[in-house]
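Commentary on secondary and tertiary structure
If you want the building blocks of each chain, they are given just below.
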Amino acid sequence: MSARTPLRPALLRLARPLALACLLALALAPVQALAAQSAQPDCKPLHSLYLLCYETGLNADSSLTCLSACEGHMARTIQTLGGQQAHKKKGPNAAQALTELVCSTGCEDGIVQVRATAQEFTEAFCE
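Right, let's walk through the structure included here. Numbering of residues starts from 1 in every chain and runs along the sequence as written. With pLDDT at 70 or above as the cut-off, local features in this predicted model cover only qualifying residues; side-chain atom pairs require 80 or more to be listed or tallied, and sums for whole chains, interfaces and linings still use all residues. Just so you know, side-chain values use all the structure's heavy atoms and leave hydrogens and water out.

Section: the packing of helix α2 (residues 43-58) against helix α6 (residues 94-112)
- One can describe the packing of α2 onto α6 by two numbers: an axis separation of 7 Å at closest approach and a directional angle of 35 degrees. The hand of the α2/α6 crossing is right-handed. Residue-level inspection shows Leu46, Leu49, Tyr50, Cys53, Tyr54, Gly57 and Leu58 of α2 in contact with α6, the latter providing Leu98, Thr99, Val102, Cys103, Thr105, Gly106, Cys107, Asp109, Gly110 and Ile111.
- Charged residues are taken to be Asp, Glu, Lys and Arg, nonpolar residues to be Ala, Val, Leu, Ile, Met, Phe, Trp, Tyr, Cys and Pro, and polar residues to be all remaining types, Gly included. Residue composition of the contact of α2 with α6, grouped by class: 11 nonpolar, 5 polar and 1 charged. Orientation is described by lines fitted to C-alpha atoms, with helices fitted over the stretch in contact, and by angles between N-to-C directions that extend from 0 to 180 degrees. Here a helix means four or more residues in a row that DSSP labels H or I, a strand means two or more in a row labelled E, and each is numbered from the N terminus. By definition, any crossing whose near helix is turned counterclockwise from its far helix by less than a right angle is left-handed, and any crossing with a clockwise turn is right-handed. Note on contacts: a residue pair qualifies if any of its non-hydrogen atoms lie within 4.5 Å across the two residues.

Laid out in structure tokens, this is it:
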């Protein structure tokens, strides 16, 4: 028994920092997930715009026709994004440029009838 006694305090010294590290990791996981969501607040309105432009593109004869038909949707999305803190920092034209890019992509995808998956969209526009 005496041979095990010195090992026990050493294990306790290792167990405490390990337990604290595990608790810290568990506590930070929700914070990191929340930070990831707040870093990309514009993804949902952009994806909605993409889907609207895609649907419009299915019945359009060209990208220009589709974009013209989607002007109102783009204006509302620009307004939504313009009020978000992330885009305020990027400059006044960032929301407009991103909105036009998303909608033109949706229109083109609609014309060729190949819609991006949610994951593909997120990787392309939200990360």
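A closer look at the nonpolar core
- Val102, Cys103 and Phe121 are the most contacted members of the largest nonpolar core, which totals 20 residues.
- Those elements that provide at least two residues to this core are α2, α4 (71-82), α6 and α7 (118-125).
- No other element matches the 6 residues that α2 contributes to this core.
- Residue contacts for Cys103: discarding those within four places in its chain leaves Leu49, Cys53, Leu67, Cys70 and Met74. Buried Ala, Val, Leu, Ile, Met, Phe, Trp, Tyr and Cys residues that are joined via side-chain atoms within 4.5 Å together make up what is termed a nonpolar core. The classification of residues rests on relative accessible area computed with a 1.4 Å probe and restricted to protein chains. Under 20% of the type maximum is buried, over 50% is exposed, and intermediate values are partly exposed.

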